[in-house]
Amino acid sequence: MLERTYESRTPTVWKLAAHPQGRPVEILRWDKFFPTEIGDKSQREQLREQCQSFLDAWVLKIGQSGKPPSPATVYCQFARMRTFVRWMIANKIWSFSKLAPEHIEAFFRTLVTSKEEGGSGVTRGGTLRMYVSFLGYLWTLRGHIPRAVRFDTREVATALKRRLVTEDGDGWKPLEETACLELLRDAIYWVEEVAPDVKTLIQFIYERRGKVVAKTKAKRTQILREIYEEMAETEAYKRVEHYLGRNFETKSLLVRNAYRMTFGAALVAIFGLVGLRSGEVMCLARECISEDGSSGEKMFRLRSIESKRHRYRTWATSRTVRDAVEAIHWMLPWGESGDQRLLQVFGGNTPVPLLGRKTRPMPQESINKLLNQFASSPHRKSPLNESVYPHRFRHSFARFVMRRDKRALGALAEHYGHVFRWITDQVYASGRDRSMLLMLEDAELNDMREGYRRLLTATAVAGKGAEQLELMRQEVASGKFQGKASMEAMIEAQIKRGILKLAPCSWGYCAYEQSLSACRGTQHRPNDVTRNPALCASCSNFLVTSEHKSFWEERYQQDEEFLKRENIPEQSRLFVESRIKVSGEILRKLI
């Protein structure tokens, strides 16, 4: 397992294996693990031995499933251990065996203490959870570490996290919906309306950069000034200046700012409209977008390497994302570099990258910086005053989808590459904060109210639950107040008593009651595994209105076409005939 994790190892330098997504190879530098001016050589050597033993034991523990941890995961664990060990050294603790519970509490308090008070300013629950995990392994792997800890660091760290982390302390929680929508709206506007003008300015500079070749520094400065003065008279420059909403000291500063805003807007559009992980965006190739018209409607697909499974896959996307990818592509002067990744950074201090200048793959820190520069830019009507990260867009994307149609959970899980749908539902769509759960519950109640309004006002209703619905209609008609007031009062009363439960369904409504459930669901919801149109049609909870008529018509037509075939096995014929009978009965009641 260790051979698959590391490409090479010396006593002080461990080179990790190549990353499956093609990221730069990480190197663990033990010779720079802690400052050399603190402690003596024997203390440093003993502590380094403990840390190396821990990391080897941790890699073997994670790799018990047969798959080694990814190089990025190993490096992150190394970095967390380095932070903790440097804190130990600063407090004159040179062995894990010398740690005590009060030391763990003191370390955690530096994580949640503001920088002004001497701490790191980290208050996010996700960060603290990572340290709880690290300290937990420090205890469970103590048998593999010389001079190991002597108390349960996992128990102490878990208790501290509960005390120190607030509900709002998770840096991965979704963005507030209004702020996120405004950010996406501004990014889309920039990509579609402003980026073409920025492209014109960059091309203007590229076409004239040849004039400064082989010139003295003074002459080069003079020529560049003339180029920018000429560019300032163009309509594209004036529009970009208007978009940014402020004057800049020099023309080159405006171009630099416009370049970064375009890059940031493109990244916001990609993360916000597709919901990719940062690693998947970092692996996008230059030709990562393709057009698909096989279904009769023009679609676009984005191709990259999936982070968790390390295999190529595609994501359905929009024209705006295509425009964002193309904007990034034309902002970089592609040379003869063999690296085909889309996201690149360039050296130098020029407003735009020079033609032929060497580039390198863009690191995570640069992505975060560009996202935050656009989100907090003064040109926006409502600039954000909080940090944004790629994973926050991923959670926000999931929340938007699920709040609008909970039936999309399966499709969303497939889009995100989640093996289990509960990960998408509980971690991404709901989030870890109570306010988000309350918002979803409120949205679910609104969906339920709207569903019953449609049922009570429908002109025709089919399904075995139609008789019970008719009793509710009569109750509305015989109420003290006729019409809408009576209907709303009855719906609210039934919801308050917990009687009405509408489950999301693609082929009808499920007025769910466990005792009548044909799918044998739980107390709160139907069984997603056994549910299907035929079973639901036989259930006393099932209702169909004209809203779902097209589903049953298509099903009826498909079965009709199937029965026209020759040499159909008798068992298949009987099965399809029973299906078409059910569909026909439902459609007749909806006429």
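These remarks concern the structure in this document. Note that the structure is predicted; figures quoted are calculated from it, not measured.

## Brief notes about the sheet that holds strand β3 (residues 27-29)
The pairing of strands in a sheet happens through backbone hydrogen bonds and is either parallel or antiparallel.
Then, in step 1: An order of β1-β2-β3 is seen for the three strands of this open sheet, with the pairing classed as antiparallel. On the outer flanks of this sheet lie β1 (6-9) and β3, each paired with one strand and no other. The average undirected angle you get between the axes of adjacent strands in this sheet is 15°.
Then, in step 2: Here strand β2 (residues 13-16) runs beside β3; their pairing, made up of three bridges, is antiparallel. Of the residues in β3, the one forming a bridge with tryptophan 14 is leucine 28.
Then, in step 3: Against the sheet, helix α2 (residues 41-62) contacts β1, β2 and β3, and its axis sits at roughly 155° relative to β1.
Then, in step 4: Strands β1, β2 and β3 of the sheet are contacted by helix α3 (residues 71-90), whose axis makes an angle of about 20° with β3.

## Overview of the side chain of aspartate 56
Then, in step 1: Following the sequence through the fold, aspartate 56 ends up in helix α2.
Then, in step 2: The class for aspartate 56 is buried, based on a relative accessible area of 16%.
Then, in step 3: Here arginine 9 takes part through its side chain, which lies 2.9 Å from a polar atom of the side chain of aspartate 56.

## Quick look at the environment of leucine 284
Then, in step 1: Relative to the elements of secondary structure, leucine 284 occurs in the loop between α11 (278-282) and β4 (289-292).
Then, in step 2: Considered as a pair, leucine 284 and arginine 341 are 57 residues apart in the sequence and their alpha carbons are 5.7 Å apart.
Then, in step 3: Not counting the four nearest positions on each side in its chain, leucine 284 is found in contact with Leu302, Arg303, Ser304, Gln340, Arg341 and Leu342.

## Thoughts on the nonpolar core
Then, in step 1: One finds Trp190, Phe263, Leu267, Ile328 and Leu343 to be the most contacted residues of the largest nonpolar core, which totals 69 residues.
Then, in step 2: Of all the elements in the fold, those that place two or more residues in this core are α7 (177-208), α8 (217-231), α9 (235-244), α10 (251-274), α11, α12 (319-331) and α13 (364-375).
Then, in step 3: For this core, the element with the most residues is α7, which contributes 15 residues.
Then, in step 4: Residues in contact with tryptophan 190, not counting those within four places in the same chain, are Ala195, Val198, Tyr243, Leu244, Ala258, Met261, Thr262, Ala265, Phe374 and His379.
Then, in step 5: Counting 44 residues, the second-largest nonpolar core is a separate cluster that includes Leu99, Ile145, Ala148 and Phe151.

Conventions and cut-offs
Residues numbered from 1 in each chain as written. Predicted model: local features only at pLDDT ≥ 70, side-chain atom pairs only at ≥ 80, totals over all residues. Heavy atoms only, no water. Pairing = 2+ DSSP bridges. Helix = DSSP H or I, 4+ residues; strand = E, 2+ residues; numbered from the N terminus. Axes fitted to C-alpha atoms, helices over the stretch in contact; angles between N-to-C directions. Contact = heavy atoms within 4.5 Å. Buried < 20%, exposed > 50% of the residue type's maximum accessible area, 1.4 Å probe, protein only. Polar contact = N/O pair within 3.5 Å; in protein donor to acceptor, adjacent residues only side chain to side chain. Core = buried A, V, L, I, M, F, W, Y, C linked by side-chain atoms within 4.5 Å.

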